[in-house]
Amino acid sequence: MAAWAIRTEGLTKRYGDVAALDHLDLEVAPGEVVGYLGPNGAGKTTTIRLLLGLISPTGGRGEIFGLDCQRQPVQAHRRLAYVPGEANLWPSLTGAETLRLLGRAWGRRGSGVRVDEAYRDELVARFELDPGKKVRAYSKGNRQKVILIAALMTRADLLVLDEPTSGLDPLMEQAFRGSVREARDRGQTVFLSSHILSEVEALCDRVGILRQGKLVELGTLAEMRHLSALTVEATFTGAIPDLSGVPGVSSVQVDGRVVRCQVRGPVAPLLKALAAADVTELLSREPSLEELFLAQYGGGA
Amino acid sequence: MITWLTARRAVRSGVIFGYIFGAAIASSAISYTRFYKTAAQRDALAAAYGSNQATSALFGPAPQLQTVAGFTVFKISMTLILLGAVWGLLTSTRLLRGEEDSGRWELLLAGQTTRRRAGVQALGGLGAGVVALWALTGLITVASGLDASVHIAAGPALYFALAMASTAVMFLAVGALTSQLAATRRQAAAYAAWVLGVSYAVRLVADAGLGLHGLIWASPLGWVEELRPLTAPAPLALLPIAALTAVLLAAAVHLAGTRDVGAGIVPDRASRRPHLRLLGGPIGLAVQLVRPAVTSWWVAIAVSGLLFGLIARSAGGTISGSSVQVLSRLGSRGNGTDAVLGVCFIILAVLVAFTAAGQITAARSEESAGRLDQLLTRPVSRSRWLGGRLLVTVVVLLASGVLAGVFAWAGAASQHAGVSLPALAEAGVNLVPPATTIAGAGVLALGVWPRGTSIVLYALLAWSLLVVVIGGVGASHWVLDTSVFHQMASAPAVPPRWEANGVMAAIGVAGALIGGIAFKRRDLQGK
């Protein structure tokens, strides 16, 4: 078995002068669930299309389970299933026909890999899809369900998901999360590009953050939180001390008797400063992924 | 707002077609003055075509061939009438139903308007497109009429342009109505195309000298013919044209208000029992996807073949002496039935070539709409997908050719025309190589300039067609050689030229190979 489910080395895609993806080095181990974040146009979809061999890189290379994405796409695709953010399907086919077609295109009887039809039917029931309808008559969310089922039913070693829940309602979003956890428990690798930070936070072991084509952050949420600022909130009865000069402390906000601030690195200097005053309540919490994400893009805390 | 948005696009394509119309008219008129200089030559031409029922059935009657005006009408008007109709139905279904399909229409309707009012505004925009088409055609015709040897006055020139634009108006209205009936752009265009096909068939029978000329009034294309521009103008025939257009437009606007946005009047069944047999892989999918369009083409080819066969004997009987010489200019030799079928098969070749072009644009639209991603991200290689599509295309084309031959034979045999089935089947297969060249060029474009695939295909087709129609009178062989239809021998009038066919097939295969390699290496591209 290959050491990495996904591995890229200096993977680059340029359109003229614009680098849609700039020297991406990324390694995803088998069995990992990795979230891939970034604002619109950061290069998330470009990364995925390069990994799938739909577009070719201007530099560097990518591998899926040790198979070159450009030179061995068919072999690589036997090991993966892909969900795009936009469900472009054949309008004249019904849901059932689409699932049959996509299942047969993925694996056939006799070729060693094939779709488990019982599991497919279970997924159809779980996502409450009416497979007798034509794709033309489906809503956006229902088309997305077809494409999700088509990917999940393969139980492929690697799931590549590009904003897979766009258009799904909260109940279906829960069904999706359940399916991804199932996949992880079975040992499947999941590469999840998403805008929905709570989704990534709930599902992913590691998170990569992309900015203008460059990977600016990659690690577990715990690591990223450790490197990032802690939010501290203190309530005083007496005089409020001046915390602005304390090493590591920033963004001090005073709101009546409550002081909020961010602290980076060791917290000892802040505790010393607080001990001198009359603190009645002290709260501290780790930043949410949303705060980490916004911090990366200069949007606030 | 809606008027402006629609008008902008309608006028743009109206201007392009106006240029094509004008250029075709001007070049017909001028070529006549070059090639038929003396009265004797003109009399011979009139003797050949004046009472020739085969050409009358296909291109309309040919009075006054001794004059530039009469010749121009005969030479070009049927082509322009058909082209105008196709432009009209495609433009209106694209800008009405197509906009609705894409969801843009909903954005407009969310503004301060009603569905009916929006419909009227869009039709106003389409009207601007027709005016552009008519104005440019008229302008170029008037300008070429100023030439001393051509000598056509401004009034008759503008009336001629009006006659040519009138089919565009009627089929714009037909397309507007079918856009209300059908739930998709393709379906709307198909309904309108059927109306056009039936109109042409009725007109063809009326002009075939079978004693059924009264039928001409049963076909909208017949009314245009009865306008008789440049020869014996009869503007009264504008009445049924205007009446039909008004009725169709009123019905379209009425229906636009009664139906839901995005839905059609003819119910599109949302559910059906799955047809799983074909969906085992990319080839099966290709067969399932192209089936509706190919069925329509096959019916069109079979019906045309049958009609041509039916008229061949009686029309062939009118050909004699100088007729044969003139027909030979169109590439047809031999006598009687075979000579007529030789010319008719050029039209069948055009239909087969259109079928080929449709197959390649359908393949490209799989890519541009993003559906191809679904297959190529599974263990399906690009060569397997494209190879499958091309295999289906080749089978479709061969079947189209055989179908053309067999149905022409059936028609001719029913009239005891004394033609053999093997000879006509061979003539049918002879239609395939030009279509192969067109398809190969399309695949080449798909590989190296994907967004231009349909432009390349239809430009090549239109060019080949125009060269045959206009150039038959005697253009330089360098120009003629660029037309795939000119390269094709006019079987069954003459034996097929298998070397030329081999070259055309080889060009097609080479184009497909180079295009296929380029497609394998390039990035997938959406719209």
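Fair warning: this is a prediction, and the values are worked out from it, not measured in the lab. Numbers given to residues run from 1 along each chain, matching the order in which its sequence is written. As a convention, the first chain written is A and the first ligand written is 1, with the rest following in written order. In keeping with the predicted nature of the model, local features appear solely for residues at pLDDT of at least 70, side-chain atom pairs appear and are counted solely at 80 or more, and the whole-chain, interface and lining totals rest on all residues.

As a further point, take the overall build of chain A. A count of helices and strands for chain A gives 10 helices and 14 strands. If one aligns the C-alpha atoms of chain A with their principal axes, the spans along those axes are about 75 × 45 × 35 Å. For chain A, contacts bridging at least 24 residues in sequence account for 68% of all contacts bridging at least 6. In this text, helices come from DSSP runs of H or I with a minimum length of four residues, and strands from runs of E with a minimum of two, each type numbered from the N-terminal end. Contact definition: two residues whose C-beta atoms, as placed from backbone geometry, lie within 7 Å.

Here the focus is the overall build of chain B. Within chain B, the regular secondary structure consists of 21 helices and zero strands. In this setup the radius of gyration rests on C-alpha atoms only. A globule is expected at 2.2 Å times the number of residues raised to 0.38. Since a compact globule built from 527 residues should have a radius of gyration of about 24 Å, the 23 Å found for chain B is in line with a globular shape.

Two measures define how a pair of helices packs: the angle their axes make with one another and the distance between the axes. Residues and elements named next belong to chain B. Every angle, taken between N-to-C directions, lies between 0 and 180 degrees, and every axis is a line fitted to C-alpha atoms, over only the stretch in contact when it is a helix. Orientation of helix H4 (residues 68–102) relative to helix H8 (residues 185–206), taken along the N-to-C sense of each, is 160°, at an axis distance of 8 Å. Our classification of the angle between H4 and H8 gives roughly antiparallel. Crossing hand, H4 versus H8: right-handed. Of the residues in H8, those touching H4 at Leu82, Ala85, Leu89, Leu90, Thr93, Arg94, Arg97, Gly98 and Asp101 are Arg185, Ala188, Ala189, Ala192, Ala193, Leu196 and Tyr200. Side-chain classes follow a simple rule in which Ala, Val, Leu, Ile, Met, Phe, Trp, Tyr, Cys and Pro form the nonpolar group, Asp, Glu, Lys and Arg form the charged group, and the remainder, Gly included, forms the polar group. Along the lines of polarity and charge, the residues of the contact of H4 with H8 split into 10 nonpolar, two polar and four charged. We call two directions roughly parallel when the angle between them is under 35 degrees, roughly antiparallel when it is over 145, roughly perpendicular when it lies between 65 and 115, and oblique otherwise. Left-handed describes a crossing whose near helix is turned anticlockwise from the far helix by less than a right angle; the clockwise case is right-handed.

Bringing the packing of helix H15 (residues 382–414) of chain B against helix H21 (residues 498–521) of chain B into the picture now. Residues and elements named next belong to chain B. For the pair H15 and H21, interaxial distance at closest approach is 10 Å and the crossing angle is 145°. Like other packed secondary-structure pairs, H15 and H21 cross with a definite hand, here right-handed. Contacts between H15 and H21 involve Arg382, Ser383, Leu386 and Leu390 on the former and, on the latter, Ala512, Gly516, Phe519 and Lys520. Taken together, the residues of the contact of H15 with H21 break down into four nonpolar, two polar and two charged.

We now examine the sheet that holds strand S14 (residues 279–285) of chain A. Residues and elements named next belong to chain A. What the four strands build is an open sheet, ordered S12-S13-S11-S14; its pairing is antiparallel. Edge positions in the sheet fall to strand S12 (249–255) and S14, since each has one partner strand and no second. Going across the sheet, the axis of each strand differs from the next one's by a mean of 15°, ignoring polarity. By this definition, two strands are paired if DSSP reports at least two bridges between them. Where strand S11 (residues 230–236) lies against S14, six bridges are found, and the strand directions are antiparallel. Considered in S14, the bridge of Phe236 is made with Val279.

With that settled, the discussion passes to the domain arrangement of chain A. All names here are of chain A. Either an automatic procedure or a domain database provided the assignment from which the domain bounds are taken. Here chain A is partitioned into domain 1 (6–221) and domain 2 (228–296). For domain 1 and domain 2, the distance between their C-alpha centres works out to 41 Å. For the side of domain 1 that touches domain 2, the elements supplying multiple residues, two or more each, are helix H7 (197–203), strand S9 (206–211) and strand S10 (214–220). Among the residues forming the side of domain 1 that touches domain 2, the class breakdown is six nonpolar, no polar and three charged.

Time to look at the sheet that holds strand S1 (residues 6–15) of chain A. Residues and elements named next belong to chain A. Spatially, four strands are ordered S2-S1-S4-S5 in an open sheet, and the strand pairing comes out antiparallel. Unpaired on one side and paired on the other, strand S2 (18–28) and strand S5 (67–68) mark the two borders of the sheet. Strand direction decides the pairing type here: S1 and strand S4 (residues 59–64), joined by five bridges, are antiparallel. Residue pairing across strands places Glu9 opposite Arg61, the latter belonging to S4.

Residue and element names in this part refer to chain B. Its place among the elements puts His486 in helix H20 (residues 484–487). Along the primary structure His486 and Leu65 are separated by 421 residues, whereas in three dimensions their C-alpha atoms are 24 Å apart. Leaving out residues up to four positions away in the same chain, His486 has contacts with Val467, Val468, Leu480 and Asp481.

For the rest of this paragraph, the subject is the nonpolar core. Counting 238 residues, the largest nonpolar core has Phe191(A), Val352(B) and Ile438(B) as the members making the most contacts within it. In terms of residue count, helix H13 (residues 336–368) of chain B provides more of this core than any other element does, 17 residues in total. With residues near it in sequence (within four places) discarded, Val352(B) still touches Ile301(B), Leu397(B), Ser400(B), Gly401(B), Ala404(B), Leu431(B), Val432(B) and Ala435(B). Note on terminology: a nonpolar core is any set of buried Ala, Val, Leu, Ile, Met, Phe, Trp, Tyr and Cys residues joined through C-beta atoms within 7 Å. Think of it as a crowd count around each C-beta: if 20 or more other C-beta atoms lie within 10 Å the residue is buried, if 12 or fewer it is exposed, and in between it is partly exposed, with C-beta placed from the backbone throughout. Listed in part, the nine residues of the second largest apolar core include Ala229(A), Ala234(A), Val259(A) and Cys261(A).

Each residue after the first adds 1.5 Å to the expected span of a helix. Here helix H3 (residues 95–106) of chain A is 12 residues long and its end C-alpha atoms lie 16 Å apart, about the 16 Å a rise of 1.5 Å per residue gives. Counting buried positions along H3(A) gives 12 out of 12 residues, so the element sits mostly inside the fold. Listed as buried for H3(A) are Gly95(A), Ala96(A), Glu97(A), Thr98(A), Leu99(A), Arg100(A), Leu101(A), Leu102(A), Gly103(A), Arg104(A), Ala105(A) and Trp106(A). Looking at the buried residues of H3(A), the elements they touch are helix H4 (117–126) and helix H5 (140–152) of chain A together with helix H11 (282–316) and helix H14 (372–376) of chain B.

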